[in-house]
Amino acid sequence: MLQPAFPALDILAKLPPGGLLLTPNNRLRNRCQQVFAAQQPPGGSWVPPPVESLSGWLDKLWDDLQQRGWKPAMKRLLNREQRELLWQRALDEALERPLLNAPQLCRDADNALAQLLQWQLVDDIEQLDTALDPLLERFALTLNKDQYPLFAMIRSFARQLHNHQAITPDQRDQLILLALREHVLQPLPRIDTAGFAQMPPLAAAIIHSAADKVVKHQSSQRRAEIRRAPCRDLEDELYQAARWAAQKLAHSPNASVGIVVNNLGQCRAQVEAVFARVLEPQFLSPAQHRYTLPFNFSAGTPLAQTPVGSAALQLLELLRDDWDCTQLRNLLFNPFWHTPDEAETDGLWLRSAVFRRLQQLELRRIDGATLRYWAERTAEKLGLETAQLPRQLEQIGDRQRRWQRAPAEIWAVRFSEVLAILGWPGCRNPDSQEYQQLQQWESALEDLAALSEFAGSLSLAQALQQLRQIASRTPFQAETRDGPLQILGVLEAGGLAFDHLRLVGFGQQQWPPVPNPNPLLPIQWQKHWKMPRATAERELELATELTADLLNASPEIVVSYACEEDGVAQELSPLFGKLETAGPVDGDPLSTHCEQLAAAVALEKITDDRLPPLTPADCRRVRGGASVLQAQARCPLNAQLRHRLGAVEFQLPDIGPSPAERGNIVHQVLAEFWQQCGDSVRLQSVDSEARQGIIDAAIDRSLRGVRKKHGQLPAGFWDMEKQRLQRLLQQWLQLEAARSAFAVENIEWEQQVEIGGLKFSLRLDRLDQLASGEQLVIDYKTGQPNINDWLSERIREPQLPLYALTQPKARAIAFAQVRTNDCKWNGCGDLQDPIDGIKAVVDTQKDAPYSTWQELNDRWRQSLQMLAEEYRSGTATLIFDRPADNDPQLWPLNRWPEREQDR
């Protein structure tokens, strides 16, 4: 059993009747009670020992004063959130200009007032000026108190407290001291204190006024073997500590092992992950039911970061009725969202289908109306007419439209109603930890309701912000059975003794901590009275005392530190002196298992590079068009994954139109223009003003749908986009006007193509009829295409060759490269009237196996039939010529990184 570092049983035995043992925290108090209980005879009844934590004892004294009806105690005690609301009002009154970080200033002001009261520099904040004048004069500071914003805020804050008949916890302590001095509360015969490092003057005065005799106990002296353990970084420190603790527990399961982590609150999640991986690797398995880990934390997790609390806050975001893509994804896949009268998997399946459909729209923001519309449409399409999801969303939307500003207590009820509509927290019975989180969530809603008197009428955003703030500040500490391994912060470890102790994170840059004085209090005051975090001297003094306590807490101690911090080499904190070096602790069950697997006999590998062939029905309508053959040419396996298995990653929406959308706009503008212009004769005959009118009309029609989709963009953005398109089309049309006579025969022309047993639906950008009777197949490109992609054995760009094979009169194919200041033709063929940029077939490649247009067409037909037959037969080899052809989005499926490691 974990023991206190002081002789608790001896202290309790020597206490006179009515005496009290006082500890700095509840953890040490509980430990003293457990030690006392372990010494009592089994089966008997006994009185609990007189042990209290300082905060618990003060709470009991205050309750006693209120029960006695003592008039000064008949006031409301404010919690942190209530005080911050009053500080915000005080800030608005005291300062005329708004601040960027007003909440932080309010927290600093609350902390500054607490220090003034705890260090007994101010006895009554309503008489602030009387207390401040001698303090300012003593340190030769300016006598103009208005130059200190804190004092103006305190005056306003005091008025707010008076109006609400409320006090702060530090004012409560002042009243307790007054009650003791006026003998409203009777003093105890003796108070023993143990485990305290440093104590504010007000708390010390209360203790000395509450007892006829006060005895301070130091930790018992122990001879310890102390070693140091240099590590690479914090992660290495934690792994070394976890393996060290595992070895100690394996050797002596009943031993008490302590791990003291400097700044535990900032790295708790990393600490838990490392210790779970080393001590309980099976806990990481998704199939493993949750159970209590064999170690206890002194630092809790904020309620907002627990599964239940985080899910509740996330689901309440549905009331905002407007989300970005990431927010909506997290909402729809929330595991605590339950659809009544449906299986859990069915509800999640429908929400997944809705999100998939919304992804295809590539919307940057999704409003509630759009979500409700597509939820209903998707349910109908899937034949789920009785699905509850559309009804849930409609109920939420109805309340969002009706609910206006209201007091905090009304919002607390509303939030509970919304969560009930969404079936939170699900249909299954919660486990022990989830049940405790549910209880704490109800307490958080009660804390929100308690803000009604101080917050006034709140909007939805304000109410959600207050609730999120409360949940973020509410620590969740699961009530579990005590384990042999304790993971604590530095202050929580004070007063405890261990069989084995390891200190983590005690490099010279972390210990002692750097000073962090309150920015609102005069620094001279903080230095003189040694207020918390005020000076390096004060931090050194406290760190020295805490270090002595830690080094006296166990007969075996290892102190670890990172050899490098923020890129700077460091050593162990000099407060520990010169120590011998402990050897590294290597090996844990999971690492050993991985090494054994790596060193195991190589397994036989069977190449499986073929999927089942397409059925006749699949061959009659192949989705994806020419992109199917393009993907098969670049990487067969990725082609099968994308076009047969549906492994498609939709593009994340951006602030403005995506590159693909901008390219489609150019296509649409050119299509609109040529529908009006028709041929080269009209293009060359119309004057510049008429041509500009046709261009402007084409641009306006093309931008209409895109502007509606991106309604959040200002009008100035679309004016610049229109100007860009105008310049681009003027440049391109100059190139078109220089050509020989032609007529645009087809635009955005859909046609069916069959090759290699597969039928495709293609859309041709443009087909020109030339004066010679020949046809030119055109594909617009806003990038920089390369015709060599047509000429390789596996055609990397099969779209235009496919078009050419379907048009008997076609004698050339060309990319129309429509780029600002880089407009040109890029193609090949056999035209009677050559076009600059469209090469003759014989000039496309040196030593090419073809010399005529017909020979090139035969080569294309043969290559495209080969690709089509590969795709139809299910060929799925992971081969590619260029690294860019192996899309990283498909690596989780084609396992490319693992294949590389096996080479």
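Everything that follows concerns the structure shown earlier in this document.
Residues numbered from 1 in each chain as written. Predicted model: local features only at pLDDT ≥ 70, side-chain atom pairs only at ≥ 80, totals over all residues. Heavy atoms only, no water.

Draft legend 1. Representation of a negative patch on the surface in the model. Where like charges cluster on the molecular surface, the negative patch consists of D233, E235, E564 and D566. With respect to the helices, strands and loops of the structure, D233 is situated in the loop between β8 (225–231) and α10 (234–251). A residue is classified by how much of its surface remains accessible, and D233, at 33% relative accessible area, is partly exposed. (Patch = residues over 30% accessible without salt bridge, like charges linked within 9 Å, V, L, I, M, F, W, Y side chains within 5 Å. Areas by Shrake-Rupley, 256 points an atom, 1.4 Å probe, with all protein chains shown as cover. Salt bridge = Lys/Arg side-chain N within 4 Å of Asp/Glu carboxyl O. Lys, Arg positive; Asp, Glu negative; His and termini not counted. Charge placed at Lys NZ, Arg CZ, Asp CG, Glu CD. Helix = DSSP H or I, 4+ residues; strand = E, 2+ residues; numbered from the N terminus. Buried < 20%, exposed > 50% of the residue type's maximum accessible area, 1.4 Å probe, protein only.)

Draft legend 2. Layout of helix α4 (residues 80–94). Under the 1.5 Å per step criterion, the end-to-end length of α4 is 20 Å for 15 residues, consistent within 8% with the ideal 21 Å. Looking at α4, one finds that the buried residues are E81, Q82, R83, E84, L85, L86, W87, A90 and L91. At its buried positions, α4 is contacted by β4 (76–77), α5 (102–118), α7 (149–164), α8 (169–181), α19 (452–455) and α20 (460–473). The N-cap residue of α4 is N79: its side-chain oxygen and the backbone nitrogen of E81 are 3.3 Å apart. (Expected span 1.5 Å × (residues − 1). Contact = heavy atoms within 4.5 Å. Polar contact = N/O pair within 3.5 Å; in protein donor to acceptor, adjacent residues only side chain to side chain.)

Draft legend 3. Broad picture of helix α32 (residues 799–806). Across the 8 residues that make up α32, a large majority, 6, are buried. Among all positions in α32, only L800, P801, L802, Y803, A804 and L805 are buried.

Draft legend 4. Summary view of the packing of aromatic side chains. Evaluation of the coordinates by the stated rule reveals 19 aromatic pairs. Taking the centre distance of 5.1 Å and the plane angle of 65° together, the rings of F880 and W896 count as edge-to-face. Linking F880 in the loop between α33 (853–873) and α34 (891–894) with W896 in helix α35 (residues 896–902), this pair joins segments that are 16 residues apart in sequence. F880 sits in the partly exposed class, given a relative accessible area of 23%. Overall, W896 belongs to the buried group, its relative accessible area being 15%. (Phe/Tyr/Trp six-rings, centres within 6.5 Å; stacked < 30°, edge-to-face > 60°.)

Draft legend 5. Inspection of the environment of A697 at higher detail. Here A697 is to be found in helix α29 (residues 688–709). Using a relative accessible area of 27% as the deciding quantity, one classes A697 as partly exposed.

Draft legend 6. Quick peek at the pairing of β8. Pairing of β8 with strand β18 (residues 556–562) involves 7 bridges; the strand directions are parallel. Within the sheet, the bridge partner assigned to R227 lies in β18 and is V558. Where β8 and strand β21 (residues 580–581) come together, 2 bridges link them in parallel fashion. Of the residues in β21, the one forming a bridge with R228 is T581. (Pairing = 2+ DSSP bridges.)

Just geometry here; none of it tells us what the structure is for.
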